[in-house]
Amino acid sequence: GEDVEQSLFLSVREGDSSVINCTYTDSSSTYLYWYKQEPGAGLQLLTYIFSNMDMKQDQRLTVLLNKKDKHLSLRIADTQTGDSAIYFCALLRGKAAGNKLTFGGGTRVLVKP
Amino acid sequence: DTEVTQTPKHLVMGMTNKKSLKCEQHMGHRAMYWYKQKAKKPPELMFVYSYEKLSINESVPSRFSPECPNSSLLNLHLHALQPEDSALYLCASSPTRGAGYEQYFGPGTRLTVT
């Protein structure tokens, strides 16, 4: 089956950059997403990248995709305390796999003042 | 408007009760999803509706019964649940199923089965 791995925890100081990493095994994924989940809340779509792109920037967020290494990362510039949350990467598997999203285990980001 | 709403926000039910979770979206999306999320885990797909027809059932026990009365509404009927069914139940929608169509999630219903 599909494996999507994330590190469990990241601690960062306010104002610094955060980098959250995600590795995966299924190279047929067409779209790769980053979701944010604050305590007790649903998932908020932050950004996504199509598999033929290397990089996408959206304000403070930069997504990097290395297809050769099957590695996806999310960089948050100037991290704020409001960025403390769990971040999930999610991959859209192809039609043969039912066009389903497969989530990583989530990275808990703690921003310290 | 990218809002998916879910009611109730919290639900406590006994193992013999029957209850329903509701989900609504007014974005014109034609695919709707139910996910179950246990604490500190990622969401797990339960059901997918596409154009009001059930297209995926991820081998979910029959005590969970989904219903899509129209393109804006999605229900999850609950009956004879077990304590291990306690979780956050998330609804999501997307324009259709398939590539490039991101899923928008609701805030979830936190279910406790006693």
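For clarity, every value in this text was computed on a predicted model and none was experimentally measured.

Calculation criteria
- Residues numbered from 1 in each chain as written.
- Chains lettered and ligands numbered in written order.
- Predicted model: local features only at pLDDT ≥ 70, side-chain atom pairs only at ≥ 80, totals over all residues.
- Heavy atoms only, no water.
- Helix = DSSP H or I, 4+ residues; strand = E, 2+ residues; numbered from the N terminus.
- Rg over C-alpha atoms; globule rule 2.2 N^0.38 Å.
- Contact = heavy atoms within 4.5 Å.
- Areas by Shrake-Rupley, 256 points an atom, 1.4 Å probe, with all protein chains shown as cover.
- Buried area = accessible area lost by both parts, 1.4 Å probe.
- Salt bridge = Lys/Arg side-chain N within 4 Å of Asp/Glu carboxyl O.
- Polar contact = N/O pair within 3.5 Å; in protein donor to acceptor, adjacent residues only side chain to side chain.
- Nonpolar A, V, L, I, M, F, W, Y, C, P; charged D, E, K, R; others polar.
- Buried < 20%, exposed > 50% of the residue type's maximum accessible area, 1.4 Å probe, protein only.
- Disulfide = S-S within 2.5 Å.
- Pairing = 2+ DSSP bridges.
- Axes fitted to C-alpha atoms, helices over the stretch in contact; angles between N-to-C directions.

Lay out the overall build of chain B in plain terms, naming residues and giving numbers.
Counting secondary structure elements, chain B contains 0 helices and 11 strands. For chain B, the N- to C-terminal ordering of α and β elements is β-β-β-β-β-β-β-β-β-β-β. Here chain B has a C-alpha radius of gyration of 13 Å; the compact-globule value for 114 residues is 13 Å, and the two agree. Projected onto its principal axes, the C-alpha coordinates of chain B cover approximately 40 × 25 × 20 Å. For chain B, contacts bridging at least 24 residues in sequence account for 55% of all contacts bridging at least 6. Within the structure as shown, chain B displays about 5,500 Å² of accessible surface, and the carbon and sulfur contribution to it stands at 50%.

Tell me about the interface of chain B and chain A, and name the residues and values.
Contact with chain B, which involves 23 residues of that partner, is made by 21 residues of chain A. Between chain B and chain A, roughly 1,600 Å² of surface is buried when both sides are summed, and carbon and sulfur atoms account for 59% of that area. The interface formed by chain B and chain A holds 1 salt bridge in total. With a closest N to O distance of 2.8 Å, Lys100 of chain A and Glu58 of chain B form a salt bridge. One can count 4 residue pairs in polar contact (both at pLDDT 80 or more) joining chain B with chain A. Listed by contribution, the elements that provide at least two residues to the side of chain B that touches chain A are β4 (31-37), β9 (87-94) and β10 (104-105) of chain B. Along the lines of polarity and charge, the residues of the side of chain B that touches chain A split into 12 nonpolar, 5 polar and 6 charged.

Just give me the short version of the side chain of Asp83 of chain A, but keep the residues and values in it.
Residues and elements named next belong to chain A. Within the secondary structure, Asp83 is located in the loop between β8 (71-76) and β9 (85-92). Judged by relative accessible area, Asp83 falls into the buried class, the value being 7%. Here Arg60 takes part through its side chain, which lies 2.9 Å from a polar atom of the side chain of Asp83. Once residues within four sequence positions are removed from consideration, Asp83 is found in contact with Lys36, Arg60, Ile76, Asp78, Val109 and Val111.

A description of the environment of Leu92 of chain A should follow, citing residues and the corresponding values.
Residue and element names in this part refer to chain A. With respect to the helices, strands and loops of the structure, Leu92 is situated in strand β9. For Leu92, a relative accessible area of 3% translates into the label buried. In the structure, Leu92 is positioned 18 residues away from Leu74 in sequence and 17 Å away in space, judged by C-alpha atoms.

Explain the state of the cysteines to me, and be specific about the residues and the numbers.
Applying the stated criterion across every chain, the model contains 2 disulfides over all chains. The side chain of Cys22 of chain A participates in a disulfide bridge whose partner is Cys89 of chain A; the two sulfur atoms lie 2.0 Å from each other. Its S-S torsion of about 65° marks the bond between Cys22 of chain A and Cys89 of chain A as right-handed, since a negative value means left-handed. Separated by 67 residues along the polypeptide, Cys22 of chain A in strand β3 (residues 18-24) and Cys89 of chain A in strand β9 bring together distant segments of the chain. Each member of the pair, Cys22 of chain A as well as Cys89 of chain A, carries the same accessibility label: buried. Between the sulfur atoms of Cys23 of chain B and its disulfide partner Cys91 of chain B the distance amounts to 1.8 Å. In this structure the cystine formed by Cys23 of chain B and Cys91 of chain B twists about its S-S bond by roughly -70°; its chirality is therefore left-handed. With a gap of 68 residues between them, Cys23 of chain B in strand β3 (residues 18-25) and Cys91 of chain B in strand β9 connect regions that are remote in the sequence.

Tell me what's going on with the sheet that holds strand β7 (residues 64-70) of chain B, and back it up with residues and numbers.
All names here are of chain B. One open sheet accounts for 4 strands, arranged β1-β3-β8-β7; its pairing is antiparallel. Of all the strands in the sheet, the pair left with one neighbour each is β1 (4-7) and β7. Across the sheet, the axes of successive neighbouring strands diverge by a mean angle of 20°, strand direction being ignored. The pairing of β3 with strand β8 (residues 73-79) spans 7 bridges and is antiparallel. Its bridge partner being in β8, Cys23 is matched across the sheet by Leu74.

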